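Observations on chain architecture
Spelled out, the chains give:
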Amino acid sequence: MTSTGGLSPATRARLERELDQLREQRAALAPRLGDDPLGDSADQADLLERAELASRLDRRISEITDLLHGAPAPEADTDLPSGTKVTLRFPDGDTEEMTVVGLVDEADDDASALTADSPLGRAIAGHEEGDTITYRTPQGEATAEIVRLAPPG
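A short tour of the structure in this document, coming up.

What counts as what
- Residues numbered from 1 in each chain as written.
- Predicted model: local features only at pLDDT ≥ 70, side-chain atom pairs only at ≥ 80, totals over all residues.
- Heavy atoms only, no water.
- Helix = DSSP H or I, 4+ residues; strand = E, 2+ residues; numbered from the N terminus.
- Buried < 20%, exposed > 50% of the residue type's maximum accessible area, 1.4 Å probe, protein only.
- Contact = heavy atoms within 4.5 Å.
- Areas by Shrake-Rupley, 256 points an atom, 1.4 Å probe, with all protein chains shown as cover.
- Salt bridge = Lys/Arg side-chain N within 4 Å of Asp/Glu carboxyl O.
- Polar contact = N/O pair within 3.5 Å; in protein donor to acceptor, adjacent residues only side chain to side chain.
- Core = buried A, V, L, I, M, F, W, Y, C linked by side-chain atoms within 4.5 Å.

Some words on the overall build of the protein chain
Assigned secondary structure in the protein chain consists of three helices and five strands. The helix and strand sequence of the protein chain, counted from the amino end, reads α-α-β-β-β-α-β-β. Classification of the 153 residues of the protein chain by burial places 30% in the buried group. Restricting to contacts in the protein chain with at least 6 residues of sequence separation, those with at least 24 account for 47%. Entry remark: accessible area of the protein chain is about 9500 Å², with carbon and sulfur atoms responsible for 48%.

Looking at the pattern of salt bridges
This structure, assessed with the given rule, holds six salt bridges. Arg-26 is the partner of Asp-58 in a salt bridge, and the nearest nitrogen-oxygen pair spans 2.8 Å. Taken as a pair, Asp-58 in helix α2 (residues 41-68) and Arg-26 in helix α1 (residues 9-33) lie far apart in primary sequence, 32 residues in all. For Asp-58, a relative accessible area of 37% gives the class partly exposed. Because the salt bridges share partners, they merge into one network encompassing Arg-14, Glu-18, Arg-60 and Glu-63.

A look at the side chain of Thr-84
Its place among the elements puts Thr-84 in the loop between α2 and β1 (85-89). In this structure Thr-84 comes out as buried when scored by relative accessible area, which is 2%. One polar contact links the side chain of Thr-84 to the main-chain carbonyl oxygen of Pro-81, over a distance of 2.7 Å. With residues up to four places along the chain from it excluded, the contact list for Thr-84 reads Met-98, Thr-99, Val-100, Leu-149, Ala-150, Pro-151 and Pro-152.

With respect to the side chain of Thr-87
Examined against the element boundaries, Thr-87 turns out to sit in strand β1. Looking at Thr-87, the relative accessible area reads 12%, which means it is buried. Not counting residues up to four positions away in its chain, the partners in contact with Thr-87 are Thr-95, Glu-96, Glu-97, Glu-145, Ile-146, Val-147 and Arg-148.

Quick notes on the nonpolar core
The biggest cluster of nonpolar side chains holds 16 residues, and the ones touching the most others in it are Leu-88, Leu-120, Ile-124, Ile-133 and Tyr-135. Where this core is concerned, the elements lending two or more residues are β1, β2 (95-101), α3 (119-124), β4 (132-137) and β5 (140-150). With three residues, α3 is the largest single contributor of residues to this core. Sequence-distant contacts of Ile-124, defined by excluding residues within four places in its chain, comprise Leu-80, Val-86, Leu-88, Leu-114, Ile-133, Ile-146 and Leu-149.

So this is what it looks like as C-alpha cells:
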C-alpha cells in the first residue's frame, strides 16, 4: 500500500471526497465570517457559532490533508501491517476473525477490524499462532489465543 501512503484506495477516495466537501463548506462560510458584528447579541452569537464551525472545518481539513499527503502510515511502527487476518479464541471458547486496518475508516462494515495501535493490536504484534496474549479492555485485562495470523498478500 505504499503507493497510496498507507491508505487503501477506497479509503483514499473517501477521504478525498470528504476533503472536497469540507473545502466547499469552508469557502461558503468565509464571506459570512467577515460580516460586521455590530448587530444585537443574537447576531454576535451567530458570528461566534460560525467562527467555531470554521475552526472545526479547518481542523478536519488539516487532519485529512495530513493523512493524504505524507503523514506516516499508522502501522509504521508495528509488526502488524494493514490487511493482516487474525483469528482469536477467547476463554469462553468463542472465536473471532478480524482484519488489521491502518485507520478505523478502512474497515468494511460487515467485518470485524482492529487497528495496529489499539491495545489488542499491540498485544498481537510480535506474536505468532498458538501464543496466548494479554491486553487491556475497559473492564480490565483480557486474554485470547492466536489461532490464525495471516499477513496480507
